[in-house]
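Structural features, examined
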Amino acid sequence: DETTGKILFSKNHESQLPLASLTKIVTALVILESPVATTQINLAGIREEGDSGFKVGELWNTEELTKITLISSSNDGARSLANAWEAFFQIISPETPKTFPEAMNQKVSELGLTQTYFVNPTGLDVSETTAGGYGSAYDIAKIMLYATKTYPDVFGSTAEHTLTTKQGKKGVYVAQNTNEVSEKTIGLVSSKTGFTTLAQGNLVVVVNVGLNHPVAIAVLGSSEEGRFRDVEKLLNAT
């Protein structure tokens, strides 16, 4: 409960588990706090798992691409954003280059979250035994509350069923929310899904349970379908 700081319910809330695409919450934070205004879709991005319909060479407004990356959980978008960030900072600080995951880890450290760290900007599993990011349900709930409060326009878009944006010569681009119950969740403010072989089903949401009364619910290690039912049960109890 953001208003009181109270944990309303917890089960293994400090256990460090694979995050899958919940990783993209922090990817978005690092990008939004940077001066990178435009992002070009690159081949490294396109080669990531999944297909968001992007084309190599497309130039996007970084904030719009971040919204699409969050709502559709685009690995193409996340990798392209990270590469654009690294390219920018290699130009302004070539003597002290920093990788994007290092910046992500610095961000969660600044927030005082000790159970969370990242290997890549997508959350995709690195191998059969290593995930792209790890964290606890408690940390993820705190991160999502912070992100939603700090960037309400960007993270608020993740409560929509679809996101339509106009982008250059491409025309209209429509992104579908990976949270399949977004339309049914009363009071939904923001949400992010995650699923990989190692992580299984993850979901974090921020909901208003009263007038300007946000509560974060984070479920890790559920199943692909079970994560939605788990969050619904916790929301009903809240």
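In this text, all values refer to a predicted model and were calculated from it rather than measured experimentally.

Overall, antiparallel pairing links the three strands, which are arranged β8-β9-β10 in an open sheet. Each edge of the open sheet is held by one strand with a lone partner, namely β8 (188–196) and β10 (214–222). The sheet shows a mean angle of 5° between the axes of neighbouring strands, taken without regard to direction. Note: β8 against strand β9 (residues 200–208), eight bridges, orientation antiparallel. Each residue of the ladder has a partner; that of Ser 190, found in β9, is Val 206.

Taking burial as the measure, the nine residues of β9 include seven buried ones, the bulk of the element. Between β8 and β9, which pair antiparallel and follow one another directly, the connecting turn spans three residues. Bridge analysis of β9 against β10 gives seven bridges, and the strand direction is antiparallel. Within β10, the position partnered with Val 204 by the bridge is Ala 218. Between β9 and β10, which pair antiparallel one after the other, the connecting turn spans five residues, and Asn 212 there sits at a positive phi close to 50°.

Now for the pairing of strand β6 (residues 162–167). Alternating residues of β6 divide into Leu 163, Thr 165 and Gln 167, all buried, and Thr 162, Thr 164 and Lys 166, none buried. One ladder, built from six bridges, connects β6 with strand β7 (residues 171–176); its direction is antiparallel. Paired with Gln 167 across the bridge in β7 is Gly 171.

Before going further, it helps to spend a moment on the sheet that holds strand β1 (residues 17–18). The strand order across the open sheet formed by three strands is β1-β5-β4, and the pairing between neighbours is antiparallel. At either end of the open sheet lies a strand with only one pairing partner, and these are β1 and β4 (117–118).

Further remarks concern the packing of aromatic side chains. Summed over the entire model, instances satisfying the criterion amount to seven aromatic pairs. Here the aromatic rings of Phe 88 and Phe 89 are separated by 5.2 Å at their centres, their planes lie at 80°, and the arrangement is edge-to-face. The partly exposed category is assigned to Phe 88, whose relative accessible area is 28%. The class for Phe 89 is partly exposed, based on a relative accessible area of 23%. Three or more aromatic residues joined by ring pairs form one cluster here, namely Trp 85, Phe 88, Phe 89 and Phe 100.

Right, let's talk about the pattern of salt bridges for a bit. Inspection of the entire model under this criterion finds five salt bridges. Here Lys 67 makes a salt bridge to Asp 153, at a shortest N to O gap of 3.0 Å. Within this pair, whereas Lys 67 is found in helix α3 (residues 62–71), its partner Asp 153 is found in helix α7 (residues 152–156), the two being separated by 86 residues in sequence. The partner of Lys 107 in a salt bridge is Glu 110, and the shortest N-O contact between them spans 3.9 Å. With Lys 107 and Glu 110 both in helix α5 (residues 100–110), this residue pair falls three residues apart, about one helical turn. The structure contains a network of salt bridges with shared partners spanning Glu 33, Lys 107 and Glu 110.

Judged by nonpolar contacts, the single largest core of 45 residues is most densely connected at Ile 25, Ile 143 and Phe 155. Setting aside residues no more than four positions away along its own chain, Phe 155 makes contact with Ile 25, Ala 28, Leu 29, Leu 32, Leu 70, Met 144, Ala 147, Thr 148, Val 189 and Ser 190. Counting 11 residues, the second largest nonpolar core, distinct from the first, contains Ala 159, Leu 188, Val 205 and Val 207.

Attention shifts here to a nonpolar patch on the surface. Taken together, the side chains of Tyr 117, Val 119 and Val 126 define a hydrophobic patch exposed on the protein surface, amounting to about 250 Å² of accessible area. Topologically, Val 126 is positioned in the loop between β4 and β5 (133–135).

Turning next to the environment of Pro 121. Within the secondary structure, Pro 121 is located in the loop between β4 and β5. Each C-alpha atom of the pair Pro 121 and Thr 23 lies 6.6 Å from the other, and the pair is 98 residues apart in sequence.

Once that is clear, we can look at helix α1 (residues 23–32). Counted residue by residue, α1 has 10 buried out of 10 residues, so it is predominantly covered. Within the span of α1, buried status applies to Thr 23, Lys 24, Ile 25, Val 26, Thr 27, Ala 28, Leu 29, Val 30, Ile 31 and Leu 32.

Reading the values: the criteria
Each chain carries its own residue numbering, running from 1 in the written order of its sequence. Totals for whole chains, interfaces and linings use every residue, but because this is a predicted model, local features are given only for residues with pLDDT of at least 70 and side-chain atom pairs only at 80 or more, for both listing and counting. Where side-chain values are given, they derive from all heavy atoms of the structure, hydrogens and water being excluded. Strands pair, by our definition, only if DSSP identifies at least two bridges between them. Per the convention used, a helix needs a DSSP run of H or I reaching at least four residues, while a strand needs a run of E reaching at least two, with both numbered from the N terminus. The axes used here are C-alpha line fits, helices contributing only the stretch in contact, and every angle between their N-to-C directions lies in the interval 0 to 180 degrees. Only protein chains enter the accessibility calculation, which uses a 1.4 Å probe. A residue is then buried if its area is under 20% of the maximum for its type, exposed if over 50%, and partly exposed in between. Ring geometry is summarised as follows: Phe, Tyr and Trp rings, the Trp one being its six-membered ring, pair when their centres sit within 6.5 Å, and such pairs are stacked at plane angles under 30 degrees, edge-to-face over 60 and tilted between the two. Between Lys or Arg on one side and Asp or Glu on the other, a salt bridge is scored when a side-chain nitrogen of the former is within 4 Å of a carboxyl oxygen of the latter. In plain words, nonpolar cores are sets of buried Ala, Val, Leu, Ile, Met, Phe, Trp, Tyr and Cys residues tied together by side-chain atoms within 4.5 Å. Contacts are assigned to residue pairs that have any heavy atoms within 4.5 Å of one another. Like charges are joined within 9 Å and nonpolar side chains (Val, Leu, Ile, Met, Phe, Trp, Tyr) within 5 Å, but only among residues with over 30% relative accessible area and no salt bridge; these make up the patches. Reported accessibility uses the Shrake-Rupley method at a 1.4 Å probe radius. Residues are deemed covered only where the shown protein chains occlude them.

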